[in-house]
Structure formats: C-alpha cells, structure tokens
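As a plain string of letters, each chain reads:
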Amino acid sequence: MAFVRLCAPALVFFAALAFAAPPAIEPAASVRIDEQLGRALPPDAVFTDSAGAPKKLGDYFNRGRPVILTLVYYECPMLCTLVLNGLTESLRKVDLEPGRRFDIVTISIDPSETPRLAADKRAAYLKQYGRPGADQGWFWHVGKEDQIRRLADALGFHYEYDPVTKQFAHQAAIFIITPEGRISRYLYGIDYPPRDVRLALLEAGREHIASTIDKIVLFCYHYDPAGRGYSLYAWRLVQIGAMVTLVVVAIVMAWFWSRERRRARKQTPPPGTASPG
C-alpha cells in the first residue's frame, strides 16, 4: 500500500499527459487546400508592395498574361523557402519571359511582416532567378490579416498560426491564375517540373500567350489530378496520327488523280484529227 501511495502522484501526472487536449493545430483537418478551379479571385483585395505602395490584386489582372501566385511568409524557417527556391529553379528553365509572357505575385500570409522584409526577399530572389526583366514581372507584397484571409479563402488555401512555435502551418503549392483573375491550376509540392510550369502557364493564357506550336503541344498533354502533373495524352496522339494519315492519303490520291488526268489528255487525239482506217 505504501508503494501505491508513493506512485499515485506519478501515475496521475502521466495519465494527465496521455489525455491532455490535442494541439490547437490539426494539420489533417484545418491545414489543407480545397481546389476552387475557375473561381475568380477578389480584384479589390488590397496589399502593400515591397516599395510600400498599396496595390489591388486586380492590378495584376487583365494585362493579357497569366500570373503565378505564391502565398508564403518571409521569415518561414523551412517550407516557404523550399517553395520559393523550387519555383525559382524551375522558372530558370522555362523559356517564357517574366513581365512579358507572365507575371509572378508573391504575398506574405504573416500580417506582421513589413515591406522592407518583402524588398529584401525580392532582391535576393531576383538575383537567384537571374533572368533579365524579372524585376518587371515579379511582385512582392505584405498585407493585413483580413485581406490575406480573404484571398486565401478564395484559393481554398487553409493555414493556421501556431502560437507555441510562432510559425504558420500550411501546405506547399503554387497557384496559376488566368489573365482575367480566375484560378486555372494548382501545382503542389516544392519541386515544380519546368514542363509542368510552362504548360500550366500556356493553359491559363491559351488565347493570350500560346503560339500555334504551343497550342499543338497543349492538345497533346493533359493535367493528371492523380499524378498532379501533366502527361502525354495517348488518345490525342491517336487523333493526330489519324489526321496525319488522312492528309497523307488525300495528298497521294490527289497526286494519282492528277497524274491519270495528264495521261488521259496525252492519249486523247486533238479535235479534227482523222482516225486511221
């Protein structure tokens, strides 16, 4: 009995730990992305750019080019840096010019961050990107809580702040937006294949930035939701093969038909020529 009395406080302590309330953030439930393809983003949502000037989200729409949108926070110790690094490395291999064929808009989800911090990040990533003209096509912002949440909700981007670690829990993704400001595609993870980024931009800006060759490429590829990437569409290849075959057959038949007509004309005597007999 004495042993039980001595151990009872320890047992109560460990039992309390075992049945303690779960942490405030439950990633499986509250930290997620609910895709909202085709949804219009709020054009009147207001943020502050890296120069300290107010900017409406709609200022980046209707320019005739799609937008890559990233939601991160600049003092993130890990995931956001991986997202931005992955995007930058991918864009270095994409043969589309920022500021001419597409824009990039980066917005912090941390309302305590400042334009100065955004400017420092902007300078660092423009240097890492190293593409001429990128300073005219990559825009960095901070914002107030209500405006950030408004944009995140429209994207289906659910994140939470953990006051214990003083960090934001969120998923890794970038968002491809049409020139008109509608959600076109979600690309997940921290590694974005350049082919997928290029195809997503061409798909979003199909009528604005895609050349004839690009449109043929888009016809051959489709986005695979299960694989979360673009893959060659076998049925489209069959369709193209069938069309090419029909064209070749038509050309061959036209050539034979033309040859037979020329031969028939050579064998027919001119009018008024008497036939032997």
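Residues numbered from 1 in each chain as written. Predicted model: local features only at pLDDT ≥ 70, side-chain atom pairs only at ≥ 80, totals over all residues. Heavy atoms only, no water.

### Observations regarding the overall build of the chain
Moving on, step 1. Looking only at helices and strands, the chain features nine helices and 13 strands.
Moving on, step 2. Of all 277 residues assigned to the chain, the portion counted as buried reaches 37%.
Moving on, step 3. Considering only contacts in the chain between residues 6 or more positions apart, those separated by 24 or more positions represent 70%.
Moving on, step 4. Surface accessibility of the chain: about 15,900 Å² in total, with carbon and sulfur atoms responsible for 61%. (Helix = DSSP H or I, 4+ residues; strand = E, 2+ residues; numbered from the N terminus. Buried < 20%, exposed > 50% of the residue type's maximum accessible area, 1.4 Å probe, protein only. Contact = heavy atoms within 4.5 Å. Areas by Shrake-Rupley, 256 points an atom, 1.4 Å probe, with all protein chains shown as cover.)

### Examining the sheet that holds strand E3 (residues 54-56)
Moving on, step 1. Read from one edge to the other, the open sheet built from seven strands follows the order E3-E2-E6-E5-E4-E10-E11, with strand pairing classed as mixed. Where the open sheet ends on each side, the last strands, each with one partner, are E3 and strand E11 (183-188). Ignoring which end each strand starts from, the neighbouring axes of this sheet average 35° apart.
Moving on, step 2. Examined bridge by bridge, strand E2 (residues 46-49) and strand E6 (residues 138-142) share two bridges and lie antiparallel to one another. Directly across from Asp 49, in E6, lies its bridge partner His 141.
Moving on, step 3. Seen against the sheet, helix H4 (residues 115-129) touches E2, strand E5 (103-108) and E6 and runs at an angle of roughly 155° to E6.
Moving on, step 4. The strands touched by helix H6 (residues 194-204) within the sheet are strand E4 (67-72), strand E10 (173-177) and E11, with E11 carrying the most contacts at an inclination of about 170°. (Pairing = 2+ DSSP bridges. Axes fitted to C-alpha atoms, helices over the stretch in contact; angles between N-to-C directions.)

### Overview of the packing of helix H3 (residues 79-91) against H4
For any two helices packed against each other, one specifies the crossing angle of their axes together with the interaxial distance.
Moving on, step 1. Between H3 and H4, the shortest axis-to-axis distance is 9 Å and the interhelical angle comes to 35°. Two packed elements cross with a definite hand, and for H3 against H4 that hand is right-handed. Judged by residue contacts, Thr 81, Leu 84, Asn 85, Thr 88, Glu 89 and Leu 91 of H3 engage Tyr 125, Gln 128 and Tyr 129 from H4.
Moving on, step 2. Looking at the contact of H3 with H4 residue by residue, the class counts come to four nonpolar, four polar and one charged. (Left-handed = near helix turned anticlockwise from the far one by under 90°. Nonpolar A, V, L, I, M, F, W, Y, C, P; charged D, E, K, R; others polar.)

### Observations regarding the pattern of salt bridges
Moving on, step 1. Scanning the entire structure with this criterion turns up eleven salt bridges.
Moving on, step 2. Two residues, Arg 150 and Asp 44, come together in a salt bridge whose shortest N-O distance is 2.6 Å. With Arg 150 in helix H5 (residues 145-155) and Asp 44 in the loop between strand E1 (32-33) and E2, this pair connects stretches of sequence that are 106 residues apart.
Moving on, step 3. Looking at Arg 150, the relative accessible area reads 34%, which means it is partly exposed. (Salt bridge = Lys/Arg side-chain N within 4 Å of Asp/Glu carboxyl O.)

### Considerations on the pairing of E11
Moving on, step 1. Within E11, six of the six residues are buried, leaving the element largely enclosed by the surrounding structure.
Moving on, step 2. Both E10 and E11 contribute to a ladder of five bridges, which runs antiparallel. Paired with Ile 177 across the two strands is Ile 183, which belongs to E11.
Moving on, step 3. Connecting the antiparallel pair E10 and E11 is a turn made up of five residues, with Gly 181 showing a positive phi of about 95°.

### Comments concerning the packing of aromatic side chains
The relative placement of two aromatic rings is captured by the distance of their centres and the angle of their planes.
Moving on, step 1. Summed over all chains, the structure comprises 13 aromatic pairs.
Moving on, step 2. Taken together, a centroid distance of 5.1 Å and an interplanar angle of 25° make the contact between Trp 138 and Trp 140 stacked.
Moving on, step 3. On the basis of relative accessible area, Trp 140 is assigned to the buried category, the value being 1%. (Phe/Tyr/Trp six-rings, centres within 6.5 Å; stacked < 30°, edge-to-face > 60°.)

### What about the nonpolar core?
Moving on, step 1. Within the largest apolar cluster, 60 residues are counted, with the highest numbers of intra-cluster contacts made by Leu 41, Ile 68 and Leu 155.
Moving on, step 2. If we skip the residues at most four places from it in the chain, Ile 68 touches Leu 87, Leu 91, Phe 102, Asp 103, Ile 104, Val 105, Ile 174, Phe 175, Ile 176, Val 197 and Leu 201. (Core = buried A, V, L, I, M, F, W, Y, C linked by side-chain atoms within 4.5 Å.)

### Focus on H4
Moving on, step 1. The end-to-end C-alpha separation of H4 is 20 Å, in line with the 21 Å expected for 15 residues at 1.5 Å each.
Moving on, step 2. Taken residue by residue, H4 has Leu 117, Ala 118, Tyr 125, Leu 126 and Tyr 129 as its buried positions. Burial along H4 is one-sided: seen end-on, the buried residues are contained in an arc of 160°. The outward face of H4, more than 90 degrees from its buried face, is lined by the exposed residues Arg 116 and Lys 127.
Moving on, step 3. Contacts made by the buried residues of H4 are with H3, E5 and E6.
Moving on, step 4. Gly 130 lies just past H4 and shows a positive phi near 70°. (Expected span 1.5 Å × (residues − 1). Arc of directions from axis to C-beta.)

### Considerations on the state of the cysteines
Moving on, step 1. Under the definition given, this model contains zero disulfides.
Moving on, step 2. In this model Cys 76 remains outside any disulfide bridge; the closest cysteine sulfur is found in Cys 80, 3.4 Å from its own.
Moving on, step 3. Among the residues examined, Cys 76 registers a relative accessible area of 9% and is labelled buried. (Disulfide = S-S within 2.5 Å.)

Keep in mind that these numbers describe shape and distance, not what the molecule does.
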